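Observations on the three-dimensional arrangement
Next come the chains, spelled out residue by residue.
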Amino acid sequence: MERSTIVRVHEGLHARPATRFVKLAKGFESDVELVKDGKAVSAKSSVKLMLLAVKENQEVTVRANGADAIEAIEALIGYLENPKAGLDDEDTHAPANEAGKEAAPAPQSAPAASGEANGLRGVAASEGVAIGPAFAHFPPDIAGQGRMLQAEEIAGEIDRFRAAVVAVQARMDRALAQDSLSAGDRGIVAALRDIAADDSLTGEAEKAIKGGNDAVSATITAASTIAADFSAVDDHYLNARADDVHAVGRQICLVLLGQDDVSLENIPQGAILIADDIGAWDLARAPLKCIGGVVCGHGGATSHIAIIARSHGIPAVLGLGDKINALRTAQELALDGNSGQVIIDPDAATRADFAGRVEAAAKERAGLTAFKTVTPKLADGRTIEVAANIGSLEEIEAAQEAGAMGVGLFRTELLFMRHMHLPSEDMQAETYAALAKAFAPYPVIVRTLDIGGDKPIAGIEFPDEENPFLGWRGIRMCLDRPDIFKRQLRALLRAAVHGNIKVMLPMVSDISEVTRSRALVDECAAELKAEGVPHATFDLGVMIETPAAVLIAPALAREVAFFSIGTNDLTQYIMAADRLNPTVAKLNDVTNPAVMSAIELTARAGVAAGIMVGMCGEAAGRPDLIPAFLKMGLTELSMSPASIQRAKKTITAMAAGE
Ligand code: PEP
Ligand code: MG
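Residues numbered from 1 in each chain as written. Chains lettered and ligands numbered in written order. Predicted model: local features only at pLDDT ≥ 70, side-chain atom pairs only at ≥ 80, totals over all residues. Heavy atoms only, no water.

A few words on the site of ligand 1. Neighbouring residues of ligand 1: Leu-409, Arg-411, Arg-447, Met-543, Glu-545, Gly-566, Thr-567, Asn-568, Asp-569, Arg-579, Cys-616 and Gly-617. At 2.8 Å from an oxygen atom of ligand 1 is found a side-chain nitrogen or oxygen belonging to Arg-447. The separation between an oxygen atom of ligand 1 and a polar side-chain atom of Arg-579 is 2.8 Å. Relative to its unbound accessible area of 290 Å², ligand 1 is 95% covered by the protein chains. Only strand S15 (407-411) and helix H20 (567-575) provide two or more residues apiece to the shell around ligand 1. (Near = heavy atom within 4 Å. Polar contact = N/O pair within 3.5 Å; in protein donor to acceptor, adjacent residues only side chain to side chain. Areas by Shrake-Rupley, 256 points an atom, 1.4 Å probe, with all protein chains shown as cover. Helix = DSSP H or I, 4+ residues; strand = E, 2+ residues; numbered from the N terminus.)

Given below as structure tokens:
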């Protein structure tokens, strides 16, 4: 028997809701299938179900055959019609390739990877210098036996394979049982465990063993087949699951081979980690406190490892390409995360130089702590707010420890990227309220979603674009998707009751973007009022990060409560130099007179209109530029928590006329 329905599960049968659906289906004896567009798959396999890519509002049919078919259909249809199905504990379940932490900005320079007489140069991805023992992490490629099994060997090989799968599942269950696992890491491991527990991978592998392949070769083939299926689906989130399938396949193979994975668990204190790339499974288990520095063949200033390195204050040089192989046998490495320089087995003079720089940096950090509680004022009495750029609640403590006078930029992208579904209004309201409370009475400036086709988000389909940085991103996307935008604005209005929330719009290039946003804010406020939901108004500002915004700054200033200059994007757009492209890194220079003029024009327009002008791009934390910005009239600078005390010192010295 069968019954059809329209799926109401929020964002469809993505990973967690699919796994829950399968669990429910497995509770029935009957054979159960889910049918979409004429394609039927077993409702007892989460991988197959995910690959069916069932989205919200699509029509599906549940088909059951067996003694309890009626009950099964009843329960499964009920599940599909519940918008909240499978989402109750999902907030702890991040995608397995999601780093889960926002970070301080990357250093300014990001030169192209190149060879140098005394070492190598890569992308400067996380600032700071380090010197320490080399720890090479190059997990060997895994290969099967390369011979076909005899018929009498097959049953034994299947047993061996099943035992390996059980061992991997048990290992993942043990990892999940650890209290020390962070929510993000738990999500990574849980996603992998779901795949390891699914019949698709094991079924595919057993089929290959029955065809005469040894278990390792069969696992490699099965993982590749299923990963290819995930890669082929028209859904960014599901595409990223391909890496998870490979990671699980690798774990099964290692058990079969009786090998331990090359683990980061035993990395010595202060060692420099060298890898071609670092996967989600490794990252979830890496003892980051021990790692002195990171050097990778893959990656750039915005890759996962860069974000993690910056948030943990670990110097990193990435994007070395094949040159990483020259480091495989290194004993010791020195690296400069500001310039991208990596020196292999440094001589005595270099070693002394780096040791001196590491010590000087530690001394500087110690000397700056006196500025934590300072409220910097200029000679004319103006207070300069030195605030923090953060992207998650986990960073509140670091910002407060540094002495942040509020938050000048809360990037909301992570909130959206961390989850397998769009964050609910309630969840967003809680997050923004927690921020507001943590920093009150200081302001917390929340930036509305600034996302584009370069970063996948479950629940938003981006078109393929030739130039995503010039495409459907930031305020452009939000205005086209009022369902997403209004949910965020309503959450912000609700959170404003709890502290000093301000809101800013990213990527503004036209006045109408502000007026349309304001109309939506008013609409949301009216709805909340009608619903009797407590809420409060907030100041609305804009980021100045496009040349258009600079050129219309006088008109924009009449429409908004504040400006915040986003020098990262402003520099790339003024200079027409991609901020992620190391080849044009030299042009991507905020000190170029063209960019400095744009900043000055903006400041002048804001000051003339009597609104606050701040800056939240990386340049805001640069001691060499802060005096110039303050002379232009900026009164707020927002930066990575790591830069706050140094900035306060710079302003204090400037006020004292030093
Ligand atoms: C900027 O562009 O300067 C900025 C602060 O925004 P983001 O780096 O998040 O694009
Ligand atoms: Mg920007």
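Moving on, we come to the side chain of Lys-44. Locating Lys-44 in the fold gives a position in the loop between strand S3 (39-42) and helix H2 (46-51). Lacking a salt bridge, the buried Lys-44 has Asp-31 as its closest oppositely charged neighbour, with an N-O distance of 5.2 Å. Within the structure, the side chain of Lys-44 is placed 2.8 Å from the backbone oxygen of Ser-30, a separation counted as a polar contact. Setting aside residues no more than four positions away along its own chain, Lys-44 makes contact with Val-22, Ala-25, Lys-26, Phe-28, Glu-29, Ser-30, Val-32 and Asp-199. (Buried < 20%, exposed > 50% of the residue type's maximum accessible area, 1.4 Å probe, protein only. Lys, Arg positive; Asp, Glu negative; His and termini not counted. Salt bridge = Lys/Arg side-chain N within 4 Å of Asp/Glu carboxyl O. Contact = heavy atoms within 4.5 Å.)

What follows deals with the pairing of strand S17 (residues 500-505). For S17, a buried count of five out of six residues is recorded, marking the element as mostly surrounded by other parts of the structure. Judged from the four bridges that link them, S17 and strand S18 (residues 539-544) form a sheet pairing that is parallel. Its bridge partner lying in S18, Val-503 is registered against Leu-540. (Pairing = 2+ DSSP bridges.)

Let us now look at the confidence of the model for the protein chain. Taken over all residues, the pLDDT of the protein chain has a mean of 86, while the share at 70 or more is 88%. Here residues 89-117 is modelled with pLDDT under 50, and outside its nearest four sequence neighbours on either side it reaches 118 contacts, counting other chains as well. (pLDDT = per-residue confidence, 0-100.)

A separate point is the coordination of the magnesium ion (ligand 2). Taken together, Glu-545 (OE) and Asp-569 (OD) make up the full set of protein donors to the magnesium ion (ligand 2), lying 2.0 to 2.2 Å away. Note that Glu-545 is positioned in the loop between S18 and helix H18 (547-551) and Asp-569 in helix H20, a separation of 24 residues in sequence. Glu-545 sits in the buried class, given a relative accessible area of 2%. (Donors = N, O, S within 2.8 Å, 3.2 Å for Na, K, Ca; no water.)

This part is about the nonpolar core. Within the largest apolar cluster, 90 residues are counted, with the highest numbers of intra-cluster contacts made by Ile-501, Phe-563, Ile-599 and Leu-637. Not counting the four nearest positions on each side in its chain, Ile-599 is found in contact with Ile-565, Thr-567, Leu-570, Val-590, Met-615, Phe-629 and Met-632. Core analysis: the second largest hydrophobic core is formed by 63 residues, Val-54, Ala-164, Ile-195 and Leu-238 among them. (Core = buried A, V, L, I, M, F, W, Y, C linked by side-chain atoms within 4.5 Å.)

Turning our attention to the side chain of Thr-546. Here Thr-546 shows up in the loop between S18 and H18. In contact with Thr-546, not counting residues within four places along its chain, are Met-507, Val-508, Ser-509, Leu-570 and Tyr-573.

Moving on to the sheet that holds S15. Pairing within the closed barrel is parallel, and its eight strands lie in the order S14-S15-S16-S17-S18-S19-S20-S21. Within the sheet, the average angular offset between the axes of one strand and its neighbour, ignoring direction, is 25°. Note: strand S14 (residues 385-390) against S15, three bridges, orientation parallel. The residue of S15 that forms the bridge with Ile-390 is Phe-410. Strand contacts of helix H16 (residues 482-495): strand S16 (443-447) and S17, with the helix running at about 155° to S17, the strand carrying the most contacts. (Axes fitted to C-alpha atoms, helices over the stretch in contact; angles between N-to-C directions.)

Attention shifts here to the environment of Ile-278. Topologically, Ile-278 is positioned in the loop between strand S9 (271-275) and helix H9 (280-285). We classify Ile-278 as buried; its relative accessible area is 10%. For Ile-278 and Gly-299, which are 21 residues apart along the polypeptide, the C-alpha to C-alpha distance reads 9.3 Å.

Here we come to the packing of aromatic side chains. By the definition in use, this model includes three aromatic pairs. Plain terms: the ring middles of Phe-462 and Trp-472 are 5.5 Å apart, the flat faces sit at 70° to each other, and that makes the pair edge-to-face. Taken together, the positions of Phe-462 in the loop between S16 and helix H15 (474-480) and Trp-472 in the loop between S16 and H15 put the pair 10 residues apart, joining distant regions of the chain. Seen from the ring of Phe-138, Arg-328 lies directly overhead, with NZ or CZ sitting 4.1 Å from the centre. (Phe/Tyr/Trp six-rings, centres within 6.5 Å; stacked < 30°, edge-to-face > 60°. Lys NZ or Arg CZ within 6 Å of the ring centre and 35° of its normal.)

Before going further, it helps to spend a moment on the pattern of salt bridges. What the rule picks out here adds up to 30 salt bridges. Where Arg-490 meets Glu-425, a salt bridge forms, and the shortest distance between an N and an O atom there is 2.6 Å. Within this pair, whereas Arg-490 is found in helix H16, its partner Glu-425 is found in helix H14 (residues 425-439), the two being separated by 65 residues in sequence. Glu-425 gets classed as buried once you look at its relative accessible area, which sits at 16%. The exposure class of Arg-490 is buried, given its relative accessible area of 11%. Taken together, the salt bridges that share partners define one network made up of Glu-425, Asp-426, Lys-486, Arg-490, Arg-494, Glu-523, Glu-527 and Glu-531.

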